Amino acid sequence: LHVRSRRQRQMCIRDRLKNITRYVSTHYYEEITIDEIAAFCHYSPSHFMKFFKAHTGMSFITYVNDYRVTEARALLGNTTDSILDISLQCGFSNLSNFNRMFKKKYGITPRQMRKQQLNRM
């Protein structure tokens, strides 16, 4: 029987979370299913969801959408791509869903954000 120290367990959890966040950062523009990410971690879907929530305080879907919205904000300021194109590039398949999540995170719509960024230049 292999007994891990508390420190070893924490390092293992940290490494798993790093691998998950790295996976999201390289695949956020694609559809990422719970089954897919759970298989990547060698967990069942239900165990993965519990693991992720217990160690991050949020659901995996919330994390992915938050990451996507953050990436979209950068694109709004750095490109002239349409808001629809940016939402698609960041993995959203529905513009109104993207707008709603963006406004929830930043308090303004993507269009208002772009206007603010343009006014600062």
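In this report, the structure presented in the accompanying data block is examined. (Residues numbered from 1 in each chain as written. Predicted model: local features only at pLDDT ≥ 70, side-chain atom pairs only at ≥ 80, totals over all residues. Heavy atoms only, no water.)

1. Some words on the layout of surface pockets
Formally: A cavity here means a set of 1 Å grid points, computed over protein atoms only, where a 1.4 Å probe fits but cannot escape. A pocket is an open set with protein on both sides within 12 Å along at least 5 of 7 lines, and lining residues have an atom within 4 Å of a point. Grid points are joined across faces, edges and corners, and a volume is the space filled by probe spheres set on the points. The numbering of helices and of strands both runs from the N terminus, where a helix is a DSSP run of H or I of at least 4 residues and a strand a run of E of at least 2.
The calculated volume of the largest pocket comes to roughly 170 Å³. If you trace the largest pocket, you find it lined by Thr62, Asn65, Asp66, Val69, Met101, Lys104 and Lys105. Breaking the lining of the largest pocket down by element, the ones donating at least two residues are helix 4 (60-78) and helix 6 (95-106). Per-element tally for the lining of the largest pocket: the top contributor is helix 4, with four residues.

2. Some words on the pattern of salt bridges
Side-chain pairs of opposite charge can arise where the charged atoms are in close proximity. What counts here: The term salt bridge refers to a side-chain nitrogen of Lys or Arg lying within 4 Å of a carboxyl oxygen of Asp or Glu.
Taken as a whole, this structure holds one salt bridge when the rule is applied. Between Asp66 and Lys105 there is a salt bridge; the shortest N-O distance is 2.7 Å. Of this pair, Asp66 sits in helix 4 while Lys105 is found in helix 6, placing the two residues 39 residues apart along the sequence.

3. Brief notes about a nonpolar patch on the surface
Let me state the cut-off plainly: Think of a patch as exposed residues, more than 30% relative accessible area, with no salt bridge, where like charges cluster within 9 Å and nonpolar side chains (Val, Leu, Ile, Met, Phe, Trp, Tyr) cluster within 5 Å. Residue exposure ignores everything except the shown protein chains as possible cover, and the areas themselves are Shrake-Rupley values with a 1.4 Å probe.
Side chains of Leu84, Leu88 and Leu95 sit close together on the surface and give an oily, nonpolar patch of about 240 Å² of accessible area. The residue Leu95 is located in helix 6 in this model.

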